[in-house]
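Listed below are the residues making up each chain.
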Amino acid sequence: MSFKKEIARRRTFGIVSHPDAGKTTLTEKLLLFGGAIQEAGAVKSNKIKKGATSDFMEIERQRGISVATSVLAFEYNGIKVNILDTPGHKDFAEDTFRTLTAVDSVIVVVDVAKGVEPQTEKLVEVCRMRNIPMIVFVNKLDREGKDAFELLDEIEEKLRLKVTPLSFPIGMGYDFKGIYNLWEKNVNLFSGDSRKNIEETIQVSNLEDSILDELVGEDSANNLREELELVQGVYPAFDQEEYLAGHQQPVFFGSALNNFGVRELLDCFVKIAPPPRPKMSEERLVLPNEDAFSGFVFKIHANMDPKHRDRLAFIKIVSGVFERNKPYLHVRNKKNLKFSSPNAFFAERKEIVDISYPGDIVGLHDTGNFKIGDTLTSGEILHYKGIPAFSPEHFRYINNADPMKSKQLAKGIDQLMDEGVAQLFTLELNGRKVIGTVGALQYEVIQYRLEHEYGAKCTYEPLGVSKACWVDPEDPKSEEFKEFLRVKQRFMAKDKRGQLVFLADSPFTLQMTQQKYPSVKMHYVSEFKD
Ligand code: G4P
C-alpha cells in the first residue's frame, strides 16, 4: 500500500469522560467490533476501583495494566484505528491532558443520567482550545436518565459545544425502544440484553412510513416524528468541514454495556474522523505526507521492574515513516539514536515492528534519554509545541530524609518529573524544591517509587499554595514587573523548563496581585503564546 494510503486509513483518537461514564466498556465494544478481542471483560479498567484495599496499591497495580492499554489498535473495514488510553481517575488527569496532544480526534462519553460531569468539562475544554474534532456518545440509555433535549442543552452550555444529533433515542430507561439513526436513516430496535450480539437495523428512509409504527408502536412513532422535526428545526445539519474544524460536534446515543448504538458510532467515526493531521512545530507546520520522519514523545512509562531501569517512551509519528535500526536525531540532546526493537501496539499485545506510519504510536525502550515533549526527526531541527503543564492542585515541599542519598534523590525526582508523575518548582529565594500534583495520592506514589526504584528517602512539608500561575509580563523591563518580582519574591519559583511561576496562596491573593500589577499576566497553563 502506498505511503499516502497508509496515512489516509489511520484514525488515532482518545475517549474522554468522567470516571464511570462507560469509557472502558465502550473501548471494549469497539475492540470487539474490530475483532481485536473475542469476549467482553478482556480490557481491564485503568481506574481506581471503589473500595480497593489501598488506593495506593491500586495505582501500582494499574501502572502494570496501563502499559497494556496505552494504545489499543485494531482494523475495521480497512481502517487502522488506534485508541489512545486517557486514564480516568482524577489523579491521572495530567497524564490524560498530555495524551490529548497525540490524538487526532476524540469521542466524549456522557452518562445519560449524570449528564456533564467535572472531568469531562476539563478535558473537553482542552480539546476545544485545540480545535480537536469531537463526537459525543451519550451512554446508558437502558437506564432512566435526562430527557434527550435537556441533555443536548446541557452539553451545549456546560461544554460550550455546538451539537448536532446524528442519532436519536426512542424512549429511555424502562421504555427504551431503540434508536433512530439520522446518519444512516434506519431504526435499531433495543431487545434488552444484546451484550454479545450485533443488532440488525431496519431501514426507515421515510419517517412517515407506517413501518415505523409497526416497529415501535404508534405513540412512540409519533413522538419520534415530532422530536425529529424539532431536531431538524433546532440543530444545524451535520457539516463535516465544521466537525473537522472543531466547530460542530455530532452526537450519538446508545448503551455501551448492551453493545447498542456502538456500531453506528464506529461506522460514522471511521468515515468522518480525520486521518493524522498536520502539526505545528516552533519552526513550521509539518505535514504527515512529508518524506522525512518526525515524531514526539507524549508519554513515558518507567521502571515497571525495579531491577531494570527500563523505560518505554511513547512516540506519536507526525510525518514520514519510522524504521527499525535507522538513526534518528534526538533534537534536544543533539544525538543520533537507533532503535533495534521499536514496539507497535495492538489490543493487549505489543510487537516489534520494522516500519510505522504517521498516526501510529511506537514504544521505544529508553535508558533515560527521553523527556515528555522531546522531538525525534530524520535530521531537521523541529520542536513540537503543545504539551503544556497545568497548575497542580496540591503543593508540598520535598525534603531529603537520607543525606547519604542526595544524588539518588535528585536523579529520582528528575526522572519521575520527566515521566510526568508530578511537577517540580524550585523557589527563587532559597532553591527549595516544591512538588505539585493533581491528586494528593501522588505524594505516596512518589515517596514509594523514590525508595524502591532509586533507594532515596524523602519527607514532605506542607506549603500554603493553592495555584501555580505562569507569569507573562507585558514588558519584562518595566518598573511594574520589577516591583512585582521584589514584593512577591517569596512566592516566585521556576518550573522544570525554567519558566517563571507565581505560587499564589489563595484565589484572593491572586486577584489582588492581578489588580495591583495589571501588566503582569498570569496563566494557569504553561503554554500561553500559541
Ligand atoms: P469508565 O471506564 O468510564 O470509568 O466506566 P466503565 O466502562 O468502567 O463503566 C462504569 C460502570 O457503568 C460499569 O459498572 C459498567 O458496567 C457500567 N456501564 C457502562 N455502560 C453502560 C450502559 O450502557 N448501561 C448500563 N446500565 N451500565 C453501563 P460497574 O458496576 O461499576 O462495573 P462492573 O462491575 O460492570 O465492571
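About the cut-offs
Residues numbered from 1 in each chain as written. Predicted model: local features only at pLDDT ≥ 70, side-chain atom pairs only at ≥ 80, totals over all residues. Heavy atoms only, no water. Helix = DSSP H or I, 4+ residues; strand = E, 2+ residues; numbered from the N terminus. Buried < 20%, exposed > 50% of the residue type's maximum accessible area, 1.4 Å probe, protein only. Contact = heavy atoms within 4.5 Å. Areas by Shrake-Rupley, 256 points an atom, 1.4 Å probe, with all protein chains shown as cover. Core = buried A, V, L, I, M, F, W, Y, C linked by side-chain atoms within 4.5 Å. Domains from an automatic or database assignment. Pairing = 2+ DSSP bridges. Axes fitted to C-alpha atoms, helices over the stretch in contact; angles between N-to-C directions. Patch = residues over 30% accessible without salt bridge, like charges linked within 9 Å, V, L, I, M, F, W, Y side chains within 5 Å. Salt bridge = Lys/Arg side-chain N within 4 Å of Asp/Glu carboxyl O. Near = heavy atom within 4 Å. Polar contact = N/O pair within 3.5 Å; in protein donor to acceptor, adjacent residues only side chain to side chain. Parallel < 35°, antiparallel > 145°, perpendicular 65-115°, else oblique. Left-handed = near helix turned anticlockwise from the far one by under 90°. Nonpolar A, V, L, I, M, F, W, Y, C, P; charged D, E, K, R; others polar.

### Details of the overall build of the protein chain
Here is step 1: Looking only at helices and strands, the protein chain has 14 helices and 31 strands in total.
Here is step 2: A total of 530 residues make up the protein chain; the buried ones form 56% of that total.
Here is step 3: Look at the contacts in the protein chain between residues 6 or more apart in sequence, and 72% of them connect residues 24 or more apart.
Here is step 4: Just so you have it, the protein chain exposes about 23000 Å², and 50% of that area is on carbon and sulfur atoms.

### As for the nonpolar core
Here is step 1: If you look at the biggest cluster of nonpolar residues, it comprises 62 residues, and the most contacted ones within it are V138, I155, F168 and F253.
Here is step 2: Tallying contributions element by element places helix α6 (residues 148-158) first for this core, with 5 residues.
Here is step 3: Counting the residues that make up this core, at least three belong to each of domain 1 (3-173 + 235-272) and domain 2 (279-377).
Here is step 4: Sequence-distant contacts of I155, that is, excluding residues within four places in its chain, are made with V116, V136, V138, R160, L161 and V163.
Here is step 5: Counting residues in each nonpolar core, the second largest holds 29 residues, with F74, I135, F269 and I272 among its members.

### Re the sheet that holds strand β23 (residues 375-377)
Here is step 1: Read across the sheet, 8 strands follow the order β18-β17-β23-β14-β15-β22-β19-β20 without closing on themselves; strand pairing throughout is antiparallel. Every other strand in the sheet has two partners, leaving β18 (335-337) and β20 (349-352) as the edge strands with one partner each. Taken pair by pair, the neighbouring strands of this sheet meet at an average axis angle of 35°, ignoring direction.
Here is step 2: Pairing of strand β15 (residues 311-319) with strand β22 (residues 361-366), which is carried by 6 bridges, proceeds in the antiparallel orientation. From the neighbouring strand, A313 faces β22, where its bridge partner is L364.

### Focus: the sheet that holds strand β2 (residues 71-76)
Here is step 1: Taken together, the 7 strands give an open sheet; going across it, the order is β2-β3-β1-β4-β5-β11-β6, and neighbouring strands pair in mixed fashion. What marks the edges here is a single partner per strand, and that holds for β2 and β6 (163-165). Looking at each pair of strands side by side, their axes are set apart by 30° on average, direction ignored.
Here is step 2: Both strand β5 (residues 134-139) and strand β11 (residues 249-253) contribute to a ladder of 3 bridges, which runs parallel. What sits directly across from F137, in β11, is F252.
Here is step 3: Docked against the sheet, helix α2 (residues 23-33) engages β1 (10-17), β2, β3 (79-84), β4 (105-111) and β5, running at close to 155° with respect to β1.

### A closer look at a nonpolar patch on the surface
Here is step 1: Among the surface-exposed residues, M280, L285 and L287 lie close enough to one another that they form a single nonpolar patch of about 260 Å² accessible area.
Here is step 2: Within the fold, M280 resides in strand β12 (residues 279-280).

### Remarks on the site of the ligand
Here is step 1: Taken together, 17 residues form the shell around the ligand, and within it D20, K23, T24, T25 and S255 come nearest.
Here is step 2: One of the side-chain N or O atoms of N139 is found 3.1 Å from an oxygen atom in the ligand.
Here is step 3: R143 has a polar side-chain atom sitting 3.1 Å from a nitrogen atom of the ligand.
Here is step 4: Against a free-state accessible area of 700 Å², the protein chains account for coverage of 71% of the ligand.

### A few points about the pattern of salt bridges
Here is step 1: Counted under the stated rule, the structure contains 29 salt bridges.
Here is step 2: Note that K146 is salt-bridged to E154, the shortest N-O span being 2.8 Å.
Here is step 3: Residues participating in the shared-partner salt-bridge network are E6, R9, R10, E75, K80 and D360.

### Describing the packing of helix α11 (residues 406-419) against helix α12 (residues 441-454)
Here is step 1: Where α11 contacts α12, the two axes come as close as 10 Å, and the packing angle between them is 120°. Regarding the angle of α11 to α12, the classification is oblique. When you trace α11 past α12, the crossing you get is right-handed. Packed against α11, whose contacting residues are Q408, L409, K411, G412, I413, Q415, L416 and E419, the element α12 presents I446, R449, L450 and Y454 at the interface.
Here is step 2: Residues belonging to the contact of α11 with α12 are distributed by class as follows: 6 nonpolar, 3 polar and 3 charged.

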